[in-house]
Amino acid sequence: MNPSDMALEQLLLHAAVQQHISDYTYDCLPQEACGVLIGHSSAARRSVTVTQFIPIKNTAEFPLHSFHLDPVEWTRLVLTEKGIVGLFHSHPHTFPEPSSEDLLQLQAFGGLLQVYAIGSPAPPNAPDSKPLQLHTYKIIRGKETSELLSNLPTNSWVRLGSEFHSLAPIPCKIIIE
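The residue numbering used here restarts from 1 in each chain and proceeds along that chain's sequence as written. The model is predicted, so local features are restricted to residues of pLDDT at least 70 and side-chain atom pairs to those at 80 or more, both for listing and for counting; the totals for chains, interfaces and linings are taken over all residues. In computing side-chain values, all of the structure's heavy atoms are included and hydrogens and water are not.

## Details of the overall build of the protein chain
A count of helical and extended segments in the protein chain gives four helices and eight strands. When each of the 177 residues of the protein chain is scored for burial, the buried share is 45%. Contacts in the protein chain between residues at least 24 apart in sequence constitute 65% of all its contacts with a sequence separation of at least 6. All accessibility values rest on the Shrake-Rupley procedure with a 1.4 Å probe; residue burial counts only the protein chains present in the view. Roughly 9100 Å² of accessible area belongs to the protein chain as shown, and the carbon and sulfur atoms make up 54% of that amount. Helical segments are the DSSP runs of H or I of at least four residues, strand segments are the runs of E of at least two, and each set is numbered from the N terminus. Note on classification: 1.4 Å probe, protein chains only; a residue is buried when its accessible area is under 20% of the maximum for its type, exposed when over 50%, partly exposed between these limits. The contact definition used throughout considers only heavy atoms, calling two residues in contact when any of these lie within 4.5 Å.

## Description of the pairing of strand β5 (residues 115-121)
Where burial is concerned, most of β5 is hidden: six out of the seven residues are buried. Relative to β5, strand β4 (residues 84-90) runs parallel, the two sharing five bridges. Bridge pairing in β5 places G86 opposite V115. With respect to chirality, the unit in which β4 leads through helix α3 (residues 100-109) into the neighbouring parallel β5 is right-handed. Strand pairing is defined by DSSP finding a minimum of two bridges between the two strands. By the bridge criterion, seven bridges tie β5 to strand β6 (residues 132-142) in an arrangement that is antiparallel. Paired with V115 across the two strands is K138, which belongs to β6. Seen with the strands pointing away from the viewer, any crossover whose path from the first strand over the helix to the second strand runs clockwise is right-handed.

## Regarding the sheet that holds strand β7 (residues 164-169)
The mixed open sheet is built from eight strands, whose spatial order is β7-β6-β5-β4-β2-β3-β1-β8. Of all the strands in the sheet, just β7 and β8 (172-175) have a single pairing partner and so form its edges. Across this sheet, the average inter-strand angle for adjacent strands is 30°, counted without regard to direction. Inspection of the sheet shows strand β2 (residues 34-42) paired to β4 by five bridges, in the antiparallel sense. In this analysis, axes come from line fits to C-alpha atoms, helices being fitted only over the stretch in contact, and the angle between any two N-to-C directions falls in the range 0 to 180 degrees.

## Quick word on the packing of aromatic side chains
Put simply, two rings from Phe, Tyr or Trp (the six-membered ring, in Trp's case) pair if the centres are within 6.5 Å, and we call them stacked under 30 degrees between planes, edge-to-face over 60, tilted for the rest. Considering all chains together, one arrives at two aromatic pairs under this definition. Linked through ring pairs, Y24, F53 and F88 together constitute an aromatic cluster.

## Regarding the nonpolar core
Take the buried Ala, Val, Leu, Ile, Met, Phe, Trp, Tyr and Cys residues and link them wherever side-chain atoms come within 4.5 Å; each set so joined is a nonpolar core. The biggest cluster of nonpolar side chains holds 20 residues, and the ones touching the most others in it are V36, L87 and Y116. Contributions of two or more residues to this core are made by β2, β3 (47-56), α2 (71-80), β4, α3, β5 and β6. Here Y116 is in contact with F67, L87, H89, D102, L106, F109, H135, T136, Y137, I139 and L167, once residues within four sequence places are set aside. In terms of nonpolar packing, the next biggest core, distinct from the first, is built from 18 residues, L8, A33, L37 and V115 among them.

## Notes on the side chain of H89
For H89, the location among the structural elements is in strand β4. Polar contact criterion, stated in full: a pair of N or O atoms within 3.5 Å, where within protein one must be able to donate a hydrogen and the other to accept it, and residues adjacent in sequence count only if both atoms are side-chain atoms. Looking at H89, its side chain comes within polar contact range of the side chain of Y116, at 3.3 Å. Excluding its chain neighbours within four sequence positions, the residues that come into contact with H89 are E32, A33, C34, F67, D102, Y116, A117, I118 and G119.

Take it as geometry only, folks, not as evidence of what the structure does.
Structure (structure tokens):
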């Protein structure tokens, strides 16, 4: 079974990983942050557990409003890092929902991943906190357009093509170690 074909029902994220993602997102402001999520999946539990976040340099021409994974870092990680389960990037100035550009880029690497996470800075609850509004999505591989579209939740994001990948929201549970 291809990892993106698993009937995924939840994302489990270690609290330390959530903090690392949040800190990195704030460190990159006002630019978009990006990186990969490392972990493992459980078909029996229908979940993906994220145990590590590895930042990747954003090499986009306009990094304030888009991201492109540094091709050297991305290639090195894909070839050497075991357990890449997903991708994270931030939307520093907008809500953490997939943009049309996100869906376009998803077609290039969606088959390698299971989850996609987008974070946005949230209004702080305390003066020194760095809260992150995090939305998580499962990546769905599609071939038969009519069959896939009839099975997707109504709040899914889809960019059609001959073979395409789409995103559907998935709950994220924070694991306190």
